[in-house]
Amino acid sequence: MEYQEIQAFVLISSIVLVSFVFITVYLIVKLKLNDILLKKSEEKLRKFNDSLQTIINEKTVELRKSEKRFKLLYELNEEILDNSPAGIIKYDKNHKVEFANLEIKNIFNLSDIEFTELIKSDIEKVHKFKEIGLQHHFKILSEGKRVVYESNFILANEEKRFVEIKGSSLSEDENFAGAVILINDITESVLAEQKLQQSYAMLRKATGDIIQAMASTSEMRDPYTAGHQQRVANLAMAIAKKMNVSGDQFEGIKFAGIIHDIGKVSVPTDILTRPGKITEMEFAVIKNHSQAGYDILKKIEFPWPIAEIVYQH
């Protein structure tokens, strides 16, 4: 009985030992496999990290280059804006001034303090901009529309300055985000235009005076028809007015009427002043005065075709 028990004990012990060995081997193999897999995973992870680090390094270099380009571009744009011949001012959706270039300072003759205070100020409250009528256009710009107009203002030294204003709104996600306003100093061109207009007016007056003098000279040679040319001019102007002829053409018609008989200076005085009947030959000489008038006037550069009008009358 004891023998059988010993055998059973030995058998059970052997089974337990074999099971323990088997489990131990299994666990060792499994740990080994896990270790191998872990090492492979670590290798893959290391390679991935190396690859990722390489990409990060490349992107970092590219980013630094981009930052450098952007900085250069920003500095270039800033230099261009600051040296622009036009005044540039930008404000945000709350009407706070974000940028103003040096030409704005020059145009409005601002002091350093005034120019510094301009930034971040409410553009609607800036007195200089009220003077040029900008307050009437902020609503238009906030509606996404453009504005273009001319204005003028007086500097502290009583100098009058003329400006051209152009404004464009800015949008972000279809919402108003502010506006950019360009202000050009056109004082020199306006003053030059005014002087040109004054010179032109003086020239037109001188032309009229010369024509009147020529007409008077013609009538002095033919006192019997004195006032005839002026009456013809008055009649021509009345017709032109009825026909709604424009101002420039109207003036040309007036002067052509006043001087239409200038060719009579080529007709001998004894024919013009003879109280009796004239011969057919003498009448032919008188009729030729339109051709003579054309020959006198054709070399003068009038603003109107006066020589042709005189020839056709």
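Thresholds, definitions, all that
Residues numbered from 1 in each chain as written. Predicted model: local features only at pLDDT ≥ 70, side-chain atom pairs only at ≥ 80, totals over all residues. Heavy atoms only, no water. Pairing = 2+ DSSP bridges. Helix = DSSP H or I, 4+ residues; strand = E, 2+ residues; numbered from the N terminus. Axes fitted to C-alpha atoms, helices over the stretch in contact; angles between N-to-C directions. pLDDT = per-residue confidence, 0-100. Contact = heavy atoms within 4.5 Å. Salt bridge = Lys/Arg side-chain N within 4 Å of Asp/Glu carboxyl O. Buried < 20%, exposed > 50% of the residue type's maximum accessible area, 1.4 Å probe, protein only. Phe/Tyr/Trp six-rings, centres within 6.5 Å; stacked < 30°, edge-to-face > 60°. Parallel < 35°, antiparallel > 145°, perpendicular 65-115°, else oblique. Left-handed = near helix turned anticlockwise from the far one by under 90°.

Section: the sheet that holds strand E4 (residues 160-172)
Strands sit in the order E2-E1-E5-E4-E3 across an open sheet of 5 strands; the sheet is antiparallel. Looking at the sheet topology across the chains shown, the edges are occupied by strand E2 (97-100) and strand E3 (147-154). Neighbour to neighbour, the strand axes of the sheet diverge by 25° on average, direction disregarded. Note: E4 against strand E5 (residues 175-185), 10 bridges, orientation antiparallel. When the sheet's bridge partners are listed, Ser171 is paired in E5 with Phe176.

Thoughts on the pairing of E4
Direction of pairing for E3 relative to E4: antiparallel, over a ladder of 8 bridges. By the bridge assignment, Ser151 is partnered in E4 with Val163. A loop of 5 residues connects E3 with E4, the two strands running antiparallel in sequence, and Glu158 in this loop sits at a positive phi of about 70°.

Points about the confidence of the model for the protein chain
Here the protein chain shows a mean pLDDT of 80. Residues at 70 or above account for 78%. Across residues 72-76, confidence stays below pLDDT 50; counting only partners more than four residues off in sequence or on other chains, it has 0 contacts.

Quick notes on the pattern of salt bridges
Counted under the stated rule, the structure contains 9 salt bridges. The residue Lys90 makes a salt bridge to Glu98 at a minimum N-O spacing of 2.3 Å. On the basis of relative accessible area, Glu98 is assigned to the partly exposed category, the value being 35%. A salt bridge links Glu159 to Arg161; the shortest N-O distance between them is 3.4 Å.

Some points on the packing of aromatic side chains
As enumerated under the stated definition, the model contains 5 aromatic pairs in all. On the basis of an interplanar angle of 90° and a centroid distance of 5.7 Å, the ring pair of Tyr91 and Phe138 is categorised as edge-to-face. Taken together, the residues Tyr91 in strand E1 (residues 87-92) and Phe138 in helix H5 (residues 138-142) connect sequence positions 47 residues apart. The exposure class of Tyr91 is buried, given its relative accessible area of 0%. Aromatic side chains Phe255 and Trp304 sit 5.4 Å apart centroid to centroid with 45° between the ring planes, which places their arrangement in the tilted category. You can see Phe255 sitting in helix H8 (residues 247-259) and its partner Trp304 sitting in the loop between helix H11 (289-297) and helix H12 (306-312), a full 49 residues away along the chain. In textbook terms, an aromatic cluster arises when at least three aromatic residues are bridged by ring pairs, as seen for Phe108, Phe129 and Phe153.

A closer look at the packing of helix H7 (residues 228-242) against H8
Where H7 meets H8, the closest approach of the two axes is 7 Å, and the angle between their N-to-C directions is 155°. The angle between H7 and H8 places the two elements in the roughly antiparallel class. Between H7 and H8 lies a crossing of right-handed hand. Across the interface between the two elements, Gln229, Gln230, Val232, Ala233, Ala236, Met237, Ala240 and Lys241 from H7 touch Phe250, Ile253, Lys254, Gly257, Ile258 and Ile259 from H8.

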